[in-house]
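So the chains spell out like this:
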Amino acid sequence: MLRGDDRGQSIQIGAILLFGVLVISLSIFQTVVVPSENSGVEFNGYVEATDDLVTLRNGLLAAGTRGGLESETVQTGVRYPSRMVLINPGPPAGSLETTASENVTIAGVEAVSGEEANVRGFWNTTDRGAQNYSTRRVSFSPGYNEVEVPPVEVSGMGAYRLTPNGPLSIAGQTFITGNRITLVTVDGDLGASGLSTSVTASPASVATRSVTVTGNGSDVTVTLPVPGNGTEAAAEQWIDSSEAQTLNDTNPNVERIVPNGSRADVVLDGSRQYELRLARVVVHDSGDSGVAAETEPQYLVPLAANGTTVPTTGTRRLAVEVRDRYNNPVEGAAVDFSATGGSLDGNSTVITGSDGRASVAFDIDDVDSATLDAAIDGAGLPPYNSTTIEVSRAGAGGGSGDAAAGTDDINPSQSGDVQLTSAQQSGDKSTARITFNNTGTANQTIEKIRISFYFGGGRGGSGKTATSATIDGSSFDIPGTTNTLSKTFPAGQESSLVIDFDGNRPEVTGSLFVMTVWFDEAGKETYFITVPL
């Protein structure tokens, strides 16, 4: 036995020291490294959530201006990476919810004289007062364990980080660009929390129509809710933000931006004209299919001008469009029609289609003029929920008498008609471009067409004729074959047909031909067309 041998004690002490170092290292990792790594995970999650919210905001605009459902999953929380020994806190979950309803207000405007009478009446804020449209914002409140980051809000007007120094825009505003005002209002009762939230934007009123407005003798004022907590201080912070300052400095139509309580007034030059588009979008959980996303009918717009001619023999279809308070077509509205000096061929109550239109076939009596009355059945805002279309018998008072029975005027030229504006050679010598101007307030779609006569021209006086023609891929024999053709002439715009004459390849300059066109709304129109040399 050896005296004083303590080698075993040294090994034990070393093991204890090593274990202590390990415990201290793990403690350091747990208290320093794990939070640091988790904060990186949370920050990356916040960046991704912000990108998701910008995409959601773009979806709100798309649903409001183009239609169709728009869905987005927002990463409202994060999951930490798995750890073998160390411990993570529970995964943080943020919340996504809609804010309280606020008003967008439009004041000091009236529709220009070129708009239809009911549109002018509906948008006469001198008589009807300022118009209010309720809207909400979608607010993301982070709930991270390690990082403190500002909330994010999105709406139809913009997307913002709500920093202590004021809102910071993360997506450019689109509510006013040049002289176009586009207001997409948001509704819905959204409230969800978790690691991710799926949101759907359902269009309730799609901005397929616009109204041209101007000042009613004063400035035009659009009063907007601002991002933040709904206080006067929040309004002043947004007005001082770079976004508002840039809008004020770069758009010549903007005269000033000033606070109005918890909102902001964007004051526009009332001497100028503006294209106003409105839309409504409902946000909801993607799994909620019972969301009411429709708007009520408010006013009627006739799609045929006063003085529209009706054939003595036969009928002509006359149509109206039902619009909501956002100026957009309403599907499924009941329209009651009645005739004076004529009769209706079919039901007197018609349900509007997806385009908001209802039409009837009008048969005029043996009178020179008659009227068609239309009214929204038990809905809308009087007196703008009814309208009267004054029609006349084709040939009445014009000397043509009944010889023109069953046809419309040659080369229609009244306001609201599809008018022939020009004809010219286009490219190949046997090809003509015929341009029309749809002067009405509704699109006109060609249903069928016929070329009943062609007399060849040519600079050399060859007089070559044509036996057929091709229009947008459809072939027509000359004379007389009627064929289907679907082409839409947008309201208030010029559109062209390109006609390729076949046969012995005539030269179209100096030619004369007669073309009859059947429109879905305007009925049958006949055009005598000459192509100048």
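Residues numbered from 1 in each chain as written. Predicted model: local features only at pLDDT ≥ 70, side-chain atom pairs only at ≥ 80, totals over all residues. Heavy atoms only, no water.

## Details of the environment of valine 266
Rules: Under the scheme used here, helices are H or I runs from DSSP no shorter than 4 residues and strands are E runs no shorter than 2 residues, and both carry numbers assigned from the N terminus. For the exposure calls, accessible area comes from a 1.4 Å probe over protein chains only, and a residue counts as buried if that area is under 20% of its type's maximum, exposed if over 50%, partly exposed in between. By definition in these notes, contact holds between two residues if any of their heavy atoms fall within 4.5 Å.
Along the chain, valine 266 turns up in strand β17 (residues 263–268). The class for valine 266 is buried, based on a relative accessible area of 1%. Between the alpha carbons of valine 266 and alanine 244 there is a distance of 9.3 Å; along the sequence they are 22 residues apart. Among all residues touching valine 266, those that are not within four sequence positions of it are Phe175, Val220, Thr221, Val222, Leu224, Val254, Arg256 and Ile257.

## Considering the packing of aromatic side chains
For clarity, the cut-off: Ring pairs are drawn from Phe, Tyr and Trp, using the six-membered ring of Trp, whenever the two centres fall within 6.5 Å, and their geometry is named by plane angle: stacked under 30 degrees, edge-to-face over 60, tilted for the rest. Placement of a positive charge over a ring is assigned whenever Lys NZ or Arg CZ falls within 6 Å of the ring centre and within 35 degrees of the normal to the ring plane.
Within this structure, the stated rule accounts for 8 aromatic pairs. Ring geometry for phenylalanine 122 versus tryptophan 123: centroids 6.3 Å apart, planes at 70°, classification edge-to-face. Among the residues examined, tryptophan 123 registers a relative accessible area of 0% and is labelled buried. Sitting over the ring of phenylalanine 122, arginine 128 keeps its end group 4.4 Å from the ring centre. In this arrangement the basic side chain of arginine 325 is found over the ring face of tyrosine 133, its NZ or CZ atom lying 4.1 Å from the centre.

## Some thoughts on the confidence of the model for the protein chain
Put simply, the test is: Per-residue confidence from the predictor is reported as pLDDT, a score between 0 and 100.
Of all residues in the protein chain, 86% have pLDDT values of 70 or greater, and the mean over the chain is 85. Scored below 50 in pLDDT, residues 397–408 makes 19 contacts in the model with residues more than four places away or belonging to other chains.

## Things to note about the environment of serine 415
Counting through the fold element by element, serine 415 comes out in the loop between β27 (386–393) and β28 (418–426). Expressed as a C-alpha distance, the spacing of serine 415 and alanine 304, which sit 111 residues apart in the sequence, is 9.3 Å. Each residue touching serine 415, except ones within four places of it in the same chain, is listed here: Ala305 and Thr439.

## Here's the deal with the sheet that holds strand β8 (residues 159–163)
Quick note on the threshold: Each pair of strands is called paired provided DSSP finds at least two bridges between the two strands. Interaxial angles span 0 to 180 degrees and are taken between N-to-C directions of axes, which are lines fitted to C-alpha atoms, for helices over the stretch in contact.
The strand order across the open sheet formed by 6 strands is β9-β8-β7-β6-β2-β12, and the pairing between neighbours is antiparallel. Looking at which strands have only one partner, the edges of the open sheet turn out to be β9 (166–171) and β12 (191–194). In this sheet, neighbouring strand axes are inclined to one another by 20° on average, regardless of whether the strands run parallel or antiparallel. In terms of strand pairing, β8 meets β9 through 5 bridges, oriented antiparallel. Following the sheet pairing, leucine 162 is matched in β9 by proline 167.

## A word on the nonpolar core
Operational definition: By convention a nonpolar core is built from buried Ala, Val, Leu, Ile, Met, Phe, Trp, Tyr and Cys residues, the set being connected through side-chain atoms within 4.5 Å.
If you look at the biggest cluster of nonpolar residues, it comprises 39 residues, and the most contacted ones within it are Trp123, Phe175, Ile181, Leu183, Ile257 and Leu268. Per element, the largest residue contribution to this core is 4 residues, and it comes from helix α4 (residues 232–239). The residues contacting isoleucine 181, other than those within four sequence positions of it, are Phe175, Ile176, Val222, Leu268, Tyr274, Glu275, Leu276 and Arg277.

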